[in-house]
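Each chain, written out:
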Amino acid sequence: MAGKKSPWGGSGDDGSDEGSSTGGAPAAPEGKRPSADGPSSTPPPPQSGPRNPWLPPASGGDGRKGPNIEELFRKRGGGNGGGGGRGPGFRLPQRPDGKSWLPLGVAAFVVVWLGTSMVHRIAPQEQGVVTTFGSYSRTLHPGMTFTLPWPIQSVATKDVTSIRRDSIPEGEGEKLMLTADQNLVDLTYLVRWNIKDLKLYTFQLAEPDQTVREVAEAAMRSSIAEVSLNDAMGAGRATIEQNVRDRMQRVLDAYHSGVKIQGVEIKKTDPPTKVVDAFKEVLAAQQDAQSEVNRAEAWAQQLTARAQGEAAAFDKVYEQYRLAPEVTRRRMYYETMERVLSQTDKVIVETPGVNSYLPLPEIKRTAPADGTTVEGK
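Position numbers for residues start from 1 in each chain and track the written sequence from start to end. For a predicted model such as this one, the threshold for reporting local features is a pLDDT of at least 70, and the threshold for listing and counting side-chain atom pairs is 80 or more; totals across whole chains, interfaces and linings nevertheless cover every residue. Calculation of side-chain values draws on the structure's entire complement of heavy atoms; hydrogens and water are dropped beforehand.

Undergrad: Looking at this structure, I do not really get the sheet that holds strand β5 (residues 153-159). What am I missing?
TA: By way of backbone hydrogen bonds, the strands of a sheet pair with one another, either parallel or antiparallel. A pair of strands is treated as paired once DSSP finds two or more bridges between them. Numbering of helices and strands runs from the N terminus, with a helix taken as a DSSP run of H or I at least four residues long and a strand as a DSSP run of E at least two residues long. Here three strands make up an open sheet; going across it, the order is β3-β2-β5 and the pairing antiparallel. Two strands in the sheet have a free side with no partner beyond their single neighbour: β3 (135-140) and β5. Within this sheet the neighbouring strands show an average axis-to-axis angle of 25°, counted without direction. Only C-alpha atoms enter the line fits that serve as axes; for helices the fit covers just the stretch in contact. Angles between N-to-C directions range over 0 to 180 degrees.

Written as C-alpha cells, this is what we have:
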C-alpha cells in the first residue's frame, strides 16, 4: 500500500519508520532521538494527519499532560502503589507484635461456628431430629447432645408433649353435616392431639397439621351420619365424641403419621342459620306436647292409685261383712248418713212431740261467739 498515509501521522509503507509501528508520531531523525534520561529538547515535527488520541498534543494548549493508564490504576490503588483496591489509605489492624489479627478472627469464627452447629440443648418437652445431608440419622432426646457441624448434619426440634388444639371450623364459620334422619346440623368441635413419634411426624406426611384437620372432619361426618338429630343435639354427644376419636386414631395410625389423638369435644350443635327460627318453634311445640303428655300420665297414675286404694278398702270391708253382715250393714249406713248430712243446712226429724223442722245449723251460725242467746228467742 505504497503512498497511503497512516491516520496516525505516519506512512503506511512496509518500510515505514519506527513511529508508525508504535502508533505515535514519526520517528525523530537519527541523532535527535530522546535519551533514556529524559525527553529531548527538540520538539517533534508537526503531524500531517489525525492526531493520536492517546498522546499529548505536540504544540499549543496549556501544556497539560493527560493521565496514562498506569497513573489511573496507581491512584485507585491507594496513592502509594499498594492496597490492591481497598480504598485510599486502608490498612488492616495489627497486633502489638506487628502481626495481623486476621488469623485470630478466622479462628474465632470457626470456633463459634462449630459451637453453634455441633452442640445442641434439647428442652424437656422437646425432641430433635438429626439429618445427615438431608437424610434421617437419629432422634435426640432431652439433654445436651453433640452432632457433626453444619452442613454435614442439622437438627430440627419440636415440642412433643404439649397438647395442640384445633377448632373446627376456624372463626365464626358454619359447618353443616347431615344426620341419619336427613336433617342438617351446624357443628363446632375441638380436637386435642400431640406428637407421638417425631420421626414419622417429620418425614411421613407433607403437611401433618392439615392432615389431622381433614381426618377429624371426615371422622365427624361419618359419626354424625349414624345418629339422629335429637341424639346429635342431646344425649348422644358423648358417644359421638368417642366414635370420632377412635376413627381418627385408626386412620392416622394407618397413615403412620406419628400423631396421638387425646380427645374430641363438641362445643356447639345448632340448626342451620336459615331455619333456626322454625326449628325453635318446632322444639317449643314438642316441649309443650311432652308437657301435656306428662300431665296426662300423672293424672292417670293418680286415678289408678285412688282406684286401687278404694278396691283394697272394699276388700277389707267385704271381709268384715262376711263375718257379721248385720253389724257391718248398719255401720256402713251410719257412716254414709253422717257423711251426707254433715254437708246440709237442714235437719228433718220424724219423732212424735218434736217439731218437724229444726234449723240447727242456721242457729249455730247466727249465734254470738260468746254463747249468749238473743233476747226474745
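Undergrad: Which parts of the structure should I look at to understand a nonpolar patch on the surface?
TA: A cluster of nonpolar side chains, Leu102, Val106, Phe109, Val110, Trp113 and Trp150, forms an exposed patch at the surface whose accessible area comes to about 630 Å². Buried, partly exposed and exposed residues are distinguished by accessible area as a fraction of the type maximum, computed with a 1.4 Å probe on protein chains only: under 20%, between the cut-offs, and over 50%, respectively. For Val110, a relative accessible area of 33% puts it in the partly exposed group. Patch definition: residues above 30% relative accessible area lacking any salt bridge, with like charges linked at up to 9 Å and the nonpolar side chains Val, Leu, Ile, Met, Phe, Trp and Tyr linked at up to 5 Å. Methods summary: accessible areas were calculated by the Shrake-Rupley approach with a probe of 1.4 Å, and residue burial reflects only the protein chains presented. Salt bridges are counted wherever a side-chain nitrogen of Lys or Arg sits within 4 Å of a carboxyl oxygen of Asp or Glu.

Undergrad: Please clarify how the packing of aromatic side chains should be interpreted in this entry.
TA: Geometry of an aromatic ring pair is reported as the spacing of the ring centres plus the angle between the planes. Pairing of aromatic rings covers Phe, Tyr and Trp, the last through its six-membered ring, and needs centres within 6.5 Å; plane angles under 30 degrees mean stacked, over 60 mean edge-to-face, and all others mean tilted. The full count for this structure, using the stated rule, is three aromatic pairs. Between Tyr136 and Phe203, the ring centres sit 5.7 Å apart and the planes meet at 70°, which makes this aromatic pair edge-to-face. Here Tyr136, found in strand β3, pairs with Phe203, found in helix α4 (residues 198-203); they are 67 residues apart in sequence, far enough to count as distant. Classification of Tyr136 by relative accessible area gives partly exposed; the value is 28%. Looking at Phe203, the relative accessible area reads 40%, which means it is partly exposed. Seen in terms of ring centroids, Trp193 and Tyr201 are 6.4 Å apart; in terms of plane orientation they differ by 35°. Their pairing is tilted.

Undergrad: How should the side chain of Ser257 be read in this particular structure?
TA: Turning to its location among the elements, Ser257 is positioned in the loop between α7 (237-255) and β9 (259-270). Here, residues are in contact when the closest pair of their heavy atoms is within 4.5 Å. Other than its neighbours up to four places away in sequence, Ser257 contacts Leu200, Tyr201, Leu205 and Leu252.

Undergrad: So what exactly am I meant to see when it comes to the packing of helix α5 (residues 208-224) against α7 here?
TA: A pair of packed helices is characterised by two quantities: the angle between their axes and the separation of those axes. In contact at an axis separation of 9 Å, α5 and α7 are set at 135° when each is read in the N-to-C sense. In terms of axis orientation, α5 runs oblique to α7. Once α5 is placed against α7, the crossing between them reads as right-handed. Listed contacts from α7 to Thr211, Val212, Val215, Ala216, Ala219, Met220, Ser222, Ser223 and Ile224 of α5 are Ile240, Asn243, Val244, Arg247, Met248, Val251, Leu252 and Tyr255. Broken down by class, the residue content of the contact of α5 with α7 amounts to twelve nonpolar, four polar and one charged. An angle counts as roughly parallel when it lies under 35 degrees, as roughly antiparallel when it exceeds 145, as roughly perpendicular when it falls between 65 and 115, and as oblique in every other case. Crossing handedness follows the turn of the near helix against the far one: under a right angle anticlockwise gives a left-handed crossing, and clockwise gives a right-handed one. Polar here means any residue outside two lists: the nonpolar Ala, Val, Leu, Ile, Met, Phe, Trp, Tyr, Cys and Pro, and the charged Asp, Glu, Lys and Arg; Gly therefore counts as polar.

Undergrad: Looking at this structure, how should I read the nonpolar core?
TA: Nonpolar side chains in soluble globular proteins tend to end up buried together. Nonpolar cores are built from buried Ala, Val, Leu, Ile, Met, Phe, Trp, Tyr and Cys residues. Side-chain atoms within 4.5 Å join them into one set. Formed by 30 residues in total, the largest nonpolar core has its most connected members in Tyr189, Met220 and Met248. Counting only elements with at least two residues in this core, the list comes to β8 (184-195), α4, α5, α6 (229-233), α7 and β9. With near-sequence residues (within four places) excluded, Met220 lies in contact with Met177, Leu187, Tyr189, Ile240, Val244, Val264 and Ile266.

Undergrad: Explain the packing of helix α8 (residues 276-323) against helix α9 (residues 325-341) to me, please; I cannot follow it from the model alone.
TA: At a closest axis distance of 5 Å, the pairing of α8 and α9 adopts a crossing angle of 135°. In this view, α8 runs oblique relative to α9, as classed from their interaxial angle. Seen from α8, the contacting residues are Val317, Gln320, Tyr321, Arg322 and Leu323; seen from α9, they are Pro325, Thr328, Arg329 and Met332.

Undergrad: Got a minute to help me understand α5 in this structure?
TA: Spacing of three or four residues puts side chains on the same side of an α-helix, whose turn is 3.6 residues. The end-to-end C-alpha separation of α5 is 24 Å, in line with the 24 Å expected for 17 residues at 1.5 Å each. Turning to α5, its buried residues number three or more, namely Pro208, Thr211, Val212, Arg213, Val215, Ala216, Ala219, Met220, Ser223 and Ile224. Helix span, expected: 1.5 Å multiplied by one less than the number of residues in the helix.

Undergrad: What exactly am I supposed to notice about the environment of Val227 here?
TA: Looking at the element boundaries, Val227 is found in the loop between α5 and α6. Along the sequence, Val227 and Leu178 sit 49 residues apart, while their C-alpha atoms lie 9.5 Å from each other. Among residues more than four places away in sequence, those in contact with Val227 are Thr179, Ala180, Asp181, Ala232 and Ile240.

Undergrad: For this particular structure, what's the right way to read unusual backbone geometry?
TA: What you tend to see is this: most non-glycine residues have negative phi, and most peptide bonds are trans. With an omega of 10°, the peptide bond between Trp150 and Pro151 qualifies as cis. In this structure, Pro151 sits in the loop between β4 (143-146) and β5. Here the bond from Ile168 into Pro169 is cis, since omega is -5°, no more than 30 degrees from zero. Within the secondary structure, Pro169 is located in the loop between β6 (164-168) and β7 (176-178). The backbone of Phe133 shows a phi angle near 55°, a positive value even though the residue is not glycine. Relative to the helices and strands, Phe133 resides in the loop between β2 (126-132) and β3.

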